[in-house]
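# Survey of secondary and tertiary structure
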Amino acid sequence: MAYDFDTPVDRHGTWSVQWDGIADRFGVDGLLPFTISDMDFRSAPEVLAALQERLAHGVLGYTDWRLGDFRDAVRHWYATRFDTEIDTGRMVYGPSVLSQLSQLLQMWTDEGDGVVTHTPTYDGFTKAVTGLGRDLRGCPPDDLMELERQLARRDSKVLLLCSPHNPTGRVWTHDELSRFAALAERYGTAVISDEIHADFVHEGHRHLPWTRYGAGRWALITSGSKAFNFPALTGSYGIIGDPDDRAGYLRRMETGEGLASPAVLSLTAHIAAYRHGADWLDEVRAYTAGNLSMVADRLNTAFPELAWAPPQAGYLAWIDLRPLAVDDAALQRELIEVEKVAIMPGAVYGAPGFVRLNVGCARSKAEAGVEALQRAVRSARMPLGG
């Protein structure tokens, strides 16, 4: 590889949510974290060089995302990575994907309305939807009849897609997306497609942007921050199908929210990533795929009944431990108190019996995490006195 992902980077003392904020979720400091979905790798050298050049200029005044190279860089990325031509005139900007989601929900729903999504569910969705007083309605990924039943309810106003899906790492197929689109059109449901994990689709699978399927009221919301590991810079963008909806969104952001000027370093990072970061992304994706394969080998050797397979996208190992009959509370006690690691329990996403292990890190750390998980599972399964 041209890039070094094996050498760990010390993130302590950098105000890192994953490393320095561990006690907020797990109650104690000093745990080895495999939690929030950012990576432990430095961003692409091409991105860091562009940021340093921009800082060297020294003037960090107000900016406008519609000026300069940002929209053309996005257009180039979609054409080269997803074989999809996008109309950059449909683009909008926001401080984060969840911020965009919040604005769209306020535009397209009223308090008490239903928002349908696939379960298990990214906890950011749960907080955004319920925090606005909307009713989050879950549907299993493979249950098209249940999805239709939920969308057919008169007060179900939005289908909220996670594409690829978090936490499972599932990549929706053309047939699945076509069916979702047909159901949304049949019942007059708006579609919001969060595609922030799109750049981490693994070999053998293909991400298909919602722009290929959108009809009626729809929006695609995303960011390069997940793939290139710069979420602390903030910044996201979207594509909104209807011109009036697009104008309404921009009006809300620029007046009601007072967010007319985006973070200039976010624009700089996106342009550099989309123009020059493809090779780095391909290598980091291959490296994390290697981490996931390692997790599969070790888990399935230790517990053959799991038959665990790596996800189709992402660097989050979504592991179903229900075949092992492990008590969730006992497992978390072992992980935290004995193994001194932090691994997200599936209950956070509405799925008790699962865990989510972030392996966007050096191989040595990923190995330590899966070994700790194996030991904790064995201890949590052990009968009293055994």
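Because the structure is predicted, anything quoted here is derived from the model rather than measured.

The next subject is the overall build of the chain. Each helix and strand counted, the chain has 13 helices and eleven strands in total. Expected size for 386 residues packed as a compact globule is a radius of gyration near 21 Å; at 21 Å, the chain falls within 12% of this value. Across its three principal directions, the C-alpha atoms of the chain cover 65 × 55 × 40 Å. Looking at the chain residue by residue over its 386 residues, the buried ones come to 53%. Contacts in the chain between residues at least 24 apart in sequence constitute 75% of all its contacts with a sequence separation of at least 6.

Here we come to unusual backbone geometry. Across the junction of threonine 119 and proline 120, the peptide omega takes the value 0 degrees, indicating a cis bond. Within the secondary structure, proline 120 sits in the loop between strand 3 (114-118) and helix 5 (123-131). Residues serine 163 and proline 164 are joined by a peptide bond in cis, for which omega reads -5 degrees. Take proline 164: it is sitting in the loop between strand 5 (156-162) and helix 7 (174-187).

When you tally the buried positions in strand 9 (residues 316-320), you get four out of five residues, the bulk of the element. With five bridges joining them, strand 9 and strand 11 (residues 354-358) adopt antiparallel strand pairing. Pairing of isoleucine 319 across the sheet is with valine 355, part of strand 11.

Scanning all chains against the criterion turns up 24 salt bridges. Among the salt bridges present, the one from glutamate 176 reaches arginine 170, with a minimum N-O distance of 2.4 Å. With relative accessibility at 14%, the residue glutamate 176 sits in the buried group. Where arginine 285 meets aspartate 282, a salt bridge forms, and the shortest distance between an N and an O atom there is 3.4 Å. Residue arginine 285 and its partner aspartate 282 are both found in helix 11 (residues 278-302); the two are separated by three residues, about one turn of the helix. Given the relative accessible area of 13%, arginine 285 is considered buried. Looking at aspartate 282, the relative accessible area reads 29%, which means it is partly exposed. Through salt bridges with shared partners, a single network forms among Arg11, Asp38, Asp40 and Lys365.

Their axes nearest at 9 Å, the elements helix 3 (residues 70-81) and helix 10 (residues 264-276) cross at an angle of 30 degrees. Remark: the crossing between helix 3 and helix 10 carries left-handed chirality. Contacts from Phe70, Asp72, Ala73, Val74, His76 and Trp77 in helix 3 reach Leu267, His270, Ile271, Ala273, Tyr274 and Arg275 in helix 10. Along the lines of polarity and charge, the residues of the contact of helix 3 with helix 10 split into eight nonpolar, two polar and two charged.

Helix length check: helix 4 (residues 97-108) (twelve residues) gives 16 Å between terminal C-alpha atoms against 16 Å at 1.5 Å per residue, within 8%. With nine of twelve residues buried, helix 4 lies mostly within the body of the structure. Turning to helix 4, its buried residues number three or more, namely Val97, Ser99, Gln100, Leu101, Ser102, Gln103, Leu104, Leu105 and Trp108.

Now for the environment of valine 28. Structurally, the position occupied by valine 28 is in the loop between helix 1 (22-26) and strand 1 (32-34). Residue valine 28 is classed as partly exposed on the basis of its relative accessible area of 35%. Taking the C-alpha atoms as reference points, valine 28 and lysine 340, separated by 312 residues in sequence, lie 9.4 Å from one another. In contact with valine 28, not counting residues within four places along its chain, are Ile22, Ala23 and Ile336.

This part takes up the environment of lysine 365. Residue position: lysine 365 is located in helix 13 (residues 363-381). The buried category is assigned to lysine 365, whose relative accessible area is 11%. Spatially, the C-alpha atoms of lysine 365 and proline 8 are 8.1 Å apart, while their sequence positions differ by 357 residues. Discounting residues that sit within four places of it in the chain, lysine 365 has contacts with Gln18, Trp19, Leu32, Pro33, Phe34 and Asp40. A polar contact of 2.7 Å, which involves the side chain of lysine 365, links it to the side chain of aspartate 40.

Cut-offs applied
- Residues numbered from 1 in each chain as written.
- Predicted model: local features only at pLDDT ≥ 70, side-chain atom pairs only at ≥ 80, totals over all residues.
- Heavy atoms only, no water.
- Helix = DSSP H or I, 4+ residues; strand = E, 2+ residues; numbered from the N terminus.
- Rg over C-alpha atoms; globule rule 2.2 N^0.38 Å.
- Buried < 20%, exposed > 50% of the residue type's maximum accessible area, 1.4 Å probe, protein only.
- Contact = heavy atoms within 4.5 Å.
- Pairing = 2+ DSSP bridges.
- Salt bridge = Lys/Arg side-chain N within 4 Å of Asp/Glu carboxyl O.
- Axes fitted to C-alpha atoms, helices over the stretch in contact; angles between N-to-C directions.
- Left-handed = near helix turned anticlockwise from the far one by under 90°.
- Nonpolar A, V, L, I, M, F, W, Y, C, P; charged D, E, K, R; others polar.
- Expected span 1.5 Å × (residues − 1).
- Polar contact = N/O pair within 3.5 Å; in protein donor to acceptor, adjacent residues only side chain to side chain.

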